[in-house]
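# Per-entry structural report
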Amino acid sequence: TPAQVDEAVDSGADFVVSPGFDAKVAQRCRARGVLYLPGVVTPTEVMAVSGGRFGLKALKFFPASNFGGAGTLKAYAAIFPHVSFMPTGGITEANIGDFVSLPNVFAAGGSW
């Protein structure tokens, strides 16, 4: 929520990550000058948040392993050359290299 953005930024956060996109959160992050990394999966979602009104160029790909993993992000590199991704969800020590070796991945998150 926008209130959570304020709480995070007031506590020192430089960026906000969420499982999906929220226009009000995006607007508050922009107003507060912090990076917003909303979760996306589909090409439609990527197009909606990376173009036009919001223009976000760094996105969270979540849940990565459930939606094609590194193969999907490799395909996205060709059709969304202006967007970088941070995959999370199903990232492990065994597969993290598959993700971070891609040119459109700037970070990856996982638990192990």
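Notes on the structure in this doc start here. Note that this is a predicted model, so its numbers are computed, not measured.

## As for the packing of helix α1 (residues 2-10) against helix α2 (residues 23-32)
Their axes nearest at 8 Å, the elements α1 and α2 cross at an angle of 30°. Relative to α2, the element α1 lies roughly parallel. The element α1 and its partner α2 pack so that their crossing is right-handed. Touching P2, A3, V5, D6, V9 and D10 of α1 are K24, V25, R28, C29 and R32, all from α2.

## Let's talk about α2
Along α2, the positions that sit buried rather than exposed are V25, A26 and C29. In an axial view of α2, the angular spread of the buried residues amounts to 100°, which keeps them on one side of the axis. Looking at α2, the residues exposed on the side facing more than 90 degrees away from the buried face are K24, R30 and A31. N-capping of α2 is provided by D22, with a side-chain oxygen placed 2.9 Å from the backbone N of K24. Downstream of α2 by a residue or two, G33 has a phi angle that is positive, lying close to 75°.

Conventions and cut-offs
Residues numbered from 1 in each chain as written. Predicted model: local features only at pLDDT ≥ 70, side-chain atom pairs only at ≥ 80, totals over all residues. Heavy atoms only, no water. Axes fitted to C-alpha atoms, helices over the stretch in contact; angles between N-to-C directions. Helix = DSSP H or I, 4+ residues; strand = E, 2+ residues; numbered from the N terminus. Parallel < 35°, antiparallel > 145°, perpendicular 65-115°, else oblique. Left-handed = near helix turned anticlockwise from the far one by under 90°. Contact = heavy atoms within 4.5 Å. Buried < 20%, exposed > 50% of the residue type's maximum accessible area, 1.4 Å probe, protein only. Arc of directions from axis to C-beta. Polar contact = N/O pair within 3.5 Å; in protein donor to acceptor, adjacent residues only side chain to side chain.

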